[in-house]
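# Working through the structure, step by step
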Amino acid sequence: MTERDYETAVNTDEVAANEAPATAKAQTVPVVAVVLAAGFGTRFDPDNPKQLVSVGGKPIVCWSIEAFERCARVSDIVVVVNSKVREEVESLIDQQGYGKVRVVIDGGAERVDSTAAALDMLAAAGIPGNAKILIHDAVRPFVAQQAIDGSIDALDQFKAATVAYASTDTVLLTRDLGDLKVVKSVPDRPNTFRAQTPQSFRFATIRQAYDLASADPDFHPTDDTRVVVDYLPDVPVAIVSGAETNMKITTLEDIPTAERIAEQLEGFDPKEAARARMHALLAQAAGQMR
Ligand SMILES: Nc1ccn([C@@H]2O[C@H](COP(=O)(O)OP(=O)(O)OP(=O)(O)O)[C@@H](O)[C@H]2O)c(=O)n1
Ligand SMILES: C[C@](O)(CO)[C@H](O)COP(=O)(O)O
């Protein structure tokens, strides 16, 4: 795989025009998707990396990469891996011919370290401060195109945004009381959302937030939004509409739900269905000619 030359301006207008003329909005800055696949899946099965598990007949990491490959407005993809999955992820990328994947890099011990590794790589590559960076969990395979588009659009107005899904349950914030948890406060339900990904940022903003956070060794955020909220409190983070289907595969129990979603998506994809019909017709015609 060859690394993209970030010195050269990305002509994403051209990409957009070539790939989806009817719907795509032209981009004047790079739009980089960072697909985080460097986790160890301790809650799933550490001996069976969840990012490589197949749902709907396709490895989870492939679903995620394809979501960004399919979006004409995304110019580049960076995939972050660990040593356990690197070989397999690289071979999937080569087999599937994902053309926007510029580089596969090593992540770190925690999610935040994996994001930091991607940001360091992008900085070293000279990406401009106004580039749009979309950071996505590889293990959220069913991210919708509307969520990706919404994230890119949100960055025209905001420096940071996260896909999130309104909570249908009332959320309880707790504190410790001895060995027990007790309720500290109950936020109004309409103000509570479940964080999803992609979480998106102008490059200079997320870089600055991470630079500030790096001075604090006790900071272990589980997502990138928190890095901005805690370290750049004056920067509003916009909410982009997520969906129940943008689930995170966390434990083995999530697989049946994921299979159901995959089946629905595959079953109702009109393009996929048209392709399958065409293949069947071609195979039939080839059979008749023999
Ligand atoms: N050091 C890490 C940890 C997580 N991730 C990625 O961040 C996403 C969300 O993480 P999570 O589901 O919590 O995955 P794991 O860390 O793999 O799982 P666990 O917490 O159960 O070990 C996943 O796509 C995962 O691969 C990562 O790139 N690097
Ligand atoms: C980023 C995230 O997916 C938002 O919901 C999540 O925080 C990832 O890690 P977690 O450790 O499973 O919360």
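Predicted, not measured: the structure shown is a model, and the values here were computed from it. Every chain begins its residue count from 1, and numbering advances along the sequence as written. Note on labels: chains are lettered from A, ligands numbered from 1, in written order. Selection of residues for local features in this predicted model requires a pLDDT of at least 70, selection of side-chain atom pairs for listing and counting requires 80 or more, and totals for whole chains, interfaces and linings are taken over all residues. Note that the side-chain values use all heavy atoms of the structure and ignore hydrogens as well as water.

### What to know about the site of ligand 1
Near ligand 1 you find 18 residues, and of these Leu 36, Gly 41, Thr 42, Gly 108 and Ser 114 are the closest. Polar contacts here mean pairs of N or O atoms no more than 3.5 Å apart (in protein, one a potential hydrogen donor and the other a potential acceptor; neighbouring residues in sequence count only if both atoms are side-chain atoms). One of the side-chain N or O atoms of Lys 50 is found 2.8 Å from an oxygen atom in ligand 1. Within the backbone of Ala 109, one N or O atom sits 3.1 Å away from a nitrogen atom of ligand 1. Listed by contribution, the elements that provide at least two residues to the shell around ligand 1 are strand 1 (31-37) and helix 4 (111-124). Among the residues making up the shell around ligand 1, the classes are represented as seven nonpolar, five polar and six charged. Any residue with at least one heavy atom within 4 Å of a molecule or strand is counted as near it. Starting at the N terminus, helices and strands are each numbered in turn, a helix being any DSSP run of H or I of at least four residues and a strand any DSSP run of E of at least two. Classification convention: Asp, Glu, Lys, Arg as charged; Ala, Val, Leu, Ile, Met, Phe, Trp, Tyr, Cys, Pro as nonpolar; all other residues, Gly among them, as polar.

### Regarding the UniProt feature "site: Positions MEP for the nucleophilic attack" (unreviewed entry) in the chain
The positions UniProt marks with the feature "site: Positions MEP for the nucleophilic attack" (unreviewed entry) are Arg 189 and Lys 248. Inspection of the secondary structure assignment puts Arg 189 in the loop between strand 9 (180-185) and strand 10 (193-202). Contact criterion: two residues are considered in contact whenever any of their non-hydrogen atoms come within 4.5 Å of each other. Leave out the neighbours within four places in its chain, and Arg 189 touches Ser 167, Thr 168, Asp 169 and Thr 170. The residue Lys 248 is located in the loop between strand 11 (237-241) and helix 8 (254-267) in this model. Burial here depends on accessible area, computed with a 1.4 Å probe over protein chains only, as a share of the maximum for the residue type. Under 20% is buried, over 50% is exposed, and the range in between is partly exposed. Among the residues examined, Lys 248 registers a relative accessible area of 25% and is labelled partly exposed. Apart from residues lying up to four places away in sequence, Lys 248 is in contact with Arg 43, Asp 137, Val 139, Arg 140 and Asp 254. UniProt positions are given in the numbering used here, feature names are shortened, and annotations may be inferred rather than shown by experiment.

### Examining the nonpolar core
Side-chain atoms within 4.5 Å link the members of a nonpolar core, which is a set of buried Ala, Val, Leu, Ile, Met, Phe, Trp, Tyr and Cys residues. If you look at the biggest cluster of nonpolar residues, it comprises 32 residues, and the most contacted ones within it are Ile 65, Phe 68, Val 74, Ile 77, Val 79 and Ile 148. Counting residues per element, the ones that place at least two in this core are strand 1, helix 2 (60-70), strand 4 (76-81), helix 3 (86-96), strand 5 (101-106), helix 5 (145-157), strand 7 (160-166) and strand 11. Among the elements that line this core, the one with the most residues is helix 2, at five residues. Discounting residues that sit within four places of it in the chain, Ile 65 has contacts with Val 35, Ile 77, Val 79, Ile 93, Tyr 98 and Val 101. One finds Ala 117, Phe 201, Ile 206 and Val 227 within the second-largest nonpolar core, a separate group that totals 30 residues.

### Looking at helix 5
When the terminal C-alpha atoms of helix 5 are compared, their 19 Å separation across 13 residues agrees well with the 18 Å that a helix rising 1.5 Å per residue should span. Residues of helix 5 that are buried include every one of Ala 147, Ile 148, Ser 151, Ile 152, Ala 154 and Leu 155, and no others. Here the buried residues of helix 5 occupy an arc of 160° about the axis, which is enough to place them on one side. Facing away from the buried side of helix 5 by over 90 degrees, the exposed positions are Gln 146, Asp 156 and Gln 157. By definition here, a helix of n residues has an expected span of 1.5 Å times n minus one. In this description, one arc is meant: the one made by directions from the helix axis to the C-beta atoms.

### Brief notes about the sheet that holds strand 5
The pairing criterion is simple: DSSP has to find at least two bridges between the two strands. The strand order across the open sheet built from seven strands is 5-4-1-6-10-7-11, with neighbouring strands paired in mixed fashion. Each edge of the sheet is formed by a strand with only one pairing partner; in this case those strands are strand 5 and strand 11. Ignoring strand direction, the axes of neighbouring strands in this sheet form an average angle of 25°. Bridge analysis of strand 6 (residues 132-137) against strand 10 gives four bridges, and the strand direction is antiparallel. When the sheet's bridge partners are listed, Ile 133 is paired in strand 10 with Phe 201. With respect to the sheet, helix 5 is in contact with strand 1, strand 6, strand 7, strand 10 and strand 11, its orientation differing from that of strand 6 by roughly 145°. Helix-sheet contacts for helix 6 (residues 203-213) involve strand 6 and strand 10, and the interaxial angle to strand 10 is about 110°. Every axis in this analysis is a line fitted to C-alpha atoms, fitted for helices over the stretch in contact. Angles between the N-to-C directions lie between 0 and 180 degrees.

### Considering unusual backbone geometry
Going from Thr 197 to Pro 198, the amide bond is cis rather than trans, its omega being 10°. Examined against the element boundaries, Pro 198 turns out to sit in strand 10.

### Description of the pattern of salt bridges
Any carboxyl oxygen of Asp or Glu that lies within 4 Å of a side-chain nitrogen of Lys or Arg is treated as forming a salt bridge with it. Applying the stated criterion to the full structure yields 15 salt bridges. Its salt-bridge partner being Arg 102, residue Asp 76 comes within 2.8 Å of it at the nearest N-O pair. Of this pair, Asp 76 sits in strand 4 while Arg 102 sits in strand 5, placing them 26 residues apart in sequence. By relative accessible area, Asp 76 is classed as buried at 0%. Note that Asp 106 and Arg 86 form a salt bridge whose closest N and O atoms lie 3.2 Å from each other. Taken as a pair, Asp 106 in strand 5 and Arg 86 in helix 3 lie far apart in primary sequence, 20 residues in all. Overlapping salt bridges, with partners in common, bring together Arg 111, Asp 137, Arg 140 and Asp 224 in one network.

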